[in-house]
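# Residue-level structure breakdown
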Amino acid sequence: MTRAEMRKAGQKKGKGGGGRGPAAAAGPGKKRFIDYPRFGKTGIRRWLPSWKQWMSGFLLVFACFVGVVFYLYQTTQIPDMNKLVQGQNTIYYWADNTEMARKGQTNRQIVPLQDISPHLQDAVIAAENQDFRTDHGIDPKGMLRAVYNMAKGGETQGASTITQQYVKNAYLSQEQTLSRKMKEFFITLKVDQKQGKDEILTGYLNTSWFGRGANGAQAAAQAYYGVNAKDLDACQSAMLAGLLKGAAYYDPTNPANKERAQGRWSWILDNMVKTKALTPEERAKCTTFPNPIPLKPSSNLNGEISYLVDTANKYVMNTDKNITQQVLDKGGLKIYTTFEKDKVDALKKAVDDVKAENLDPQKRPDNDTNIQFGSASIRPGDGAIVALYGGDGVENGHFDNNADATGVQVGSTFKPFVLATAMQVGVQTAKGDDGKPKRINADSRYMADDLSEIRKPDGSLVIGDDGKPYHQKNEDSSKHGYVSLRQAMQFSYNVPFVQLNQDVGGQNVADIAVQMGIRKDSLADPKTATFPLGTSTISPIRMATAYGTLAASGKEAEPYSVTKVEWDGVARTGFAKKEPKVALEPSVADNVTDVLVNVAAKGTGTKTLALGRPVAGKTGTTDENKSAWWVGYTPQLVTSVAMWREDPSAHQRQSLKGTGGKESIHGGDIPTDVFTRYMKVALANEKKMDFPNPQPVGSEVDSSGAPSTATAVPTPTTTDSPSAPAQTQPPTQPAQPQPTQTPSCVPGVDCPGDQPSPTKTHKPPVPTNTCLPVIGCQTQQPTPTDTTTPGGGGKPTKPTMTPTGPAPGGPGQ
């Protein structure tokens, strides 16, 4: 029976005085408003809604949804654009919370549509929304795609129609959240209903961000071409329209953007032909890219302030993805930095004084012009950037931040990474008791003769680009024989570190460098033979970071320049100081530091002795003398100084030879002078501190490229393992000291106080028959300088290799 029939039957039984048994008691009783669970059904069917219930539920939910949408639509108000587009200041603070700089009111001037070139209007429509004149302001597919990406935590994307972009620019924040998307949806619908297309286009062109601090078409026309918006031609308009996709990526002022900007410019012009905004003949007139006028610097961002602001802005945008350059230009933020004013001033003064004393552009216009300096000073173990030198100042036409420069090779300042890898990972040419590569120490001796052959870990020769055995060049052509890695670092010999790089593996060196704070994308190909000589292009900030890892006994602290950000009075998350990571074993880092202390005290960095406190560091000079470096540190502060020469028009590196009237510029010269002058002031109120006493690490391991016998002459087919026994006599145990030696040094090589002066020839206490004439006999050692590297002691039982002829060299220190 149906439910109604069962009810009637129950009522009849009640009237007739029928029995009140279980059947009667089980009747449906009074009718329920919602029959759920379903009466008269058993099992799972009792809990499954009927089709009527499904339909009723759907209609109810749909009605509620329509009601909510209608309510939200009716209650959504279109804000007054003139009130919302008022710009605010973004204020930057020094580390002591005093004001450093502020970016003034947003550069914006609202103009009517008739004062905006029709070419710019057409170019924007062709680039951003070709259906603008006929659409309803919403791209449903784009909205759903954006909401889906945000819901799953994927990459966010912006609005796809001009109306949506206008609403986002004028009425909403730049945050990519679901609630903001909902607001955008309703305001867009209302704007499309209430405003005409010309009114919407006017609002969009007056609120869009074009870069260079320009919001709106009028400000952009002035910033990029020095004309009013109504006077822009088609070619200029296409370039400006291309900036709307992202001025940071399409502003051609940045050389890295030039090709990208030209490609988008050409694409927009072609689209203007497709939309019939231009004829093919008019399009053909735009053959030359309309380069913008030079950027006009802000009057309150002169000197180093602009570079400090640039560094802070990059850090903020990397840390908080909701803060874009557009947000920074719009204003309303307070940014608290790590920069210390006294140290920034001291670093600038050090550079300016050294330039004034060494450079004379009027006297030497071909050598002393276009000289660039870049420097960064960081607290080891913390990562706080306390000072930068980014260039001569935007007021002098220098807009690139040299402290964060890429494209400048670092030279021999890269060699400590090779040594650290050998101590931490080990050499593949020898195995420890555990079967792993044997870790070595700084007393390990490697061949240092100029034009020596380089061998792979299996003993085979490294082959050069010419198909012949590769020979590595030193800065000088002397025969130094076998020297300890300590001395090789002290005098910046190339050959030992190129061989050591082969022994440990270039990729292992790259991995250790990245662990210490170097960006992977700044490294050269680790498979190349000259990789250990600093062919990588690393910024001064990152070089200071990596050396700071050594100063902090192996703890790598990511560099940071901002401690707190407030946006409209609300503190943003993510700016808390990050904990340092362990990149190297403390014993490894401290032993490398010990080697670099020797460089500063007795090697190519002796100018730092004027500091009167323990200093560690390394010089660097690249091939063709195109750059010179010094990266040094004390326990409290690490500072990198880079110097190079660059053609500003072509952005090409030029040689420093002849600069300052000198034959060549080395890292131990001008860069070390800047470092020393700055550090004297920066550390004036800090106590002198010694570096940690290094604990023993590794053992002494001979070079893998050494011949296995005293009489063997290597050939391209030689494959003897460096650890194989000698054929005519037992191998020498270099780690075992001679009776007159101490365990920590080798006489004539690196014993303290044993370095000769130019007028004194040192003869090591070995028999006169312990070297092969011409090949391995000892020569006189000159006083160490950065231009003429000293000789070294021969190795009695393993003669040097005879160069077979001239070969390509690599970067020096």
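Residues numbered from 1 in each chain as written. Predicted model: local features only at pLDDT ≥ 70, side-chain atom pairs only at ≥ 80, totals over all residues. Heavy atoms only, no water.

### So, the overall build of the protein
The secondary structure content of the protein amounts to 24 helices and 22 strands. Relative to its 813 residues, the protein shows a buried fraction of 52%. Excluding contacts between residues fewer than 6 apart, the proportion of contacts in the protein whose partners are at least 24 apart in sequence is 72%. Just so you have it, the protein exposes about 37300 Å², and 53% of that area is on carbon and sulfur atoms. (Helix = DSSP H or I, 4+ residues; strand = E, 2+ residues; numbered from the N terminus. Buried < 20%, exposed > 50% of the residue type's maximum accessible area, 1.4 Å probe, protein only. Contact = heavy atoms within 4.5 Å. Areas by Shrake-Rupley, 256 points an atom, 1.4 Å probe, with all protein chains shown as cover.)

### A word on the pattern of salt bridges
Evaluation of the coordinates by the stated rule reveals 32 salt bridges. For Lys348, the salt bridge identified is with Asp352, shortest N-O distance 2.7 Å. Separated by four residues within a single helix, Lys348 and Asp352 lie in helix H17 (residues 341–358), roughly one turn from each other. What makes Asp352 partly exposed here is its relative accessible area of 28%. Overlapping salt bridges bring together Glu340, Lys343, Arg379 and Glu686 as one network. (Salt bridge = Lys/Arg side-chain N within 4 Å of Asp/Glu carboxyl O.)

### Observations concerning the environment of Ser306
Here Ser306 is to be found in helix H15 (residues 305–319). Between the alpha carbons of Ser306 and Phe399 there is a distance of 8.3 Å; along the sequence they are 93 residues apart. The residues contacting Ser306, other than those within four sequence positions of it, are Leu301 and Val394.

### Section: unusual backbone geometry
A positive phi angle, near 60°, is found at Asn370, a position not held by glycine. Inspection of the secondary structure puts Asn370 in the loop between H17 and strand E7 (371–378). The backbone phi angle of Glu624 is positive, close to 65°, even though this residue is not glycine. If you trace the backbone, Glu624 turns up in the loop between strand E19 (616–621) and strand E20 (627–633).

### Describing the side chain of Ser208
Turning to its location among the elements, Ser208 is positioned in the loop between helix H9 (197–207) and strand E4 (209–211). Apart from residues lying up to four places away in sequence, Ser208 is in contact with Asn169, Ala214, Asn215, Gly216 and Leu244.

### So, the packing of helix H5 (residues 118–128) against helix H13 (residues 258–274)
Put simply, H5 and H13 touch, their axes get as near as 9 Å, and they point 100° apart. Relative to H13, the element H5 lies roughly perpendicular. Mapping the contact onto sequence places His119, Asp122, Ala123, Ala126, Ala127 and Glu128 in H5 and Arg264, Trp267, Ile268, Asn271 and Met272 in H13. Partitioned by chemical class, the residues of the contact of H5 with H13 number six nonpolar, two polar and three charged. (Axes fitted to C-alpha atoms, helices over the stretch in contact; angles between N-to-C directions. Parallel < 35°, antiparallel > 145°, perpendicular 65-115°, else oblique. Nonpolar A, V, L, I, M, F, W, Y, C, P; charged D, E, K, R; others polar.)

### Topic: H9
Most of H9 is tucked away, with nine of its eleven residues classed as buried. Residues Lys197, Ile200, Leu201, Thr202, Gly203, Tyr204, Leu205, Asn206 and Thr207 constitute the buried set of H9.

### Concerning a nonpolar patch on the surface
A cluster of nonpolar side chains, namely Trp51, Met55, Phe58, Leu59, Phe62, Phe65 and Val66, defines an oily patch on the protein surface of about 820 Å² accessible area. Within the secondary structure, Phe58 sits in helix H3 (residues 51–75). (Patch = residues over 30% accessible without salt bridge, like charges linked within 9 Å, V, L, I, M, F, W, Y side chains within 5 Å.)

### Points about the packing of aromatic side chains
Each aromatic ring pair is characterised by the separation of its centres together with the angle its planes make. The tally for this structure, following the rule as stated, stands at eleven aromatic pairs. With 6.2 Å between their ring centres and 80° between their planes, Phe417 and Tyr547 make a pair best called edge-to-face. With Phe417 in helix H18 (residues 415–424) and Tyr547 in helix H22 (residues 540–551), this pair connects stretches of sequence that are 130 residues apart. Note on Tyr547: relative accessible area 0%, which makes it buried. Linked through ring pairs, Phe414, Phe417, Phe531, Tyr547, Tyr633 and Phe691 together constitute an aromatic cluster. (Phe/Tyr/Trp six-rings, centres within 6.5 Å; stacked < 30°, edge-to-face > 60°.)

### Considering H5
Among the eleven residues in H5, eight count as buried, and that is most of the element. If you check which residues of H5 are buried, you get Leu120, Gln121, Ala123, Val124, Ile125, Ala126, Ala127 and Glu128. With a side-chain oxygen lying 3.1 Å from the backbone nitrogen of His119, the N-terminal cap of H5 falls on Ser117. (Polar contact = N/O pair within 3.5 Å; in protein donor to acceptor, adjacent residues only side chain to side chain.)

### Looking at the environment of Lys341
Residue placement: Lys341 occurs in helix H17. Since its relative accessible area comes to 43%, Lys341 is described here as partly exposed.

### A short note on the confidence of the model for the protein
This prediction gives the protein a mean pLDDT of 81; 76% of its residues lie at or above 70. Low pLDDT (under 50) marks residues 707–813, which in the prediction has 213 contacts with non-local residues, meaning those over four places away or in another chain. (pLDDT = per-residue confidence, 0-100.)

### Digging into the side chain of Ser640
Its location among the elements puts Ser640 in strand E21 (residues 638–647). If sequence neighbours within four positions are ignored, Ser640 has contacts with Gly374, Ser375, Ala376, Pro540, Ile541, Met543, Ala544, Trp630 and Val631.

### Some points on the environment of Ile305
With respect to the helices and strands, the residue Ile305 is situated in helix H15. Spatially, the C-alpha atoms of Ile305 and Ala101 are 7.4 Å apart, while their sequence positions differ by 204 residues. Residues within four places of Ile305 in sequence aside, it is in contact with Trp94, Met100, Ala101 and Asn300.

### What about the nonpolar core?
Counting residues in each nonpolar core, the largest one holds 116 residues, and the members touching the most others are Phe414, Phe417, Leu500 and Tyr678. Those residues within four positions of Leu500 in sequence are excluded, and the remaining contacts are Val418, Leu419, Ala422, Val427, Ile440, Tyr446 and Leu485. Among the nonpolar cores identified, the runner-up in size contains 50 residues, and Ile125, Ile200, Ala229 and Trp265 belong to it. (Core = buried A, V, L, I, M, F, W, Y, C linked by side-chain atoms within 4.5 Å.)

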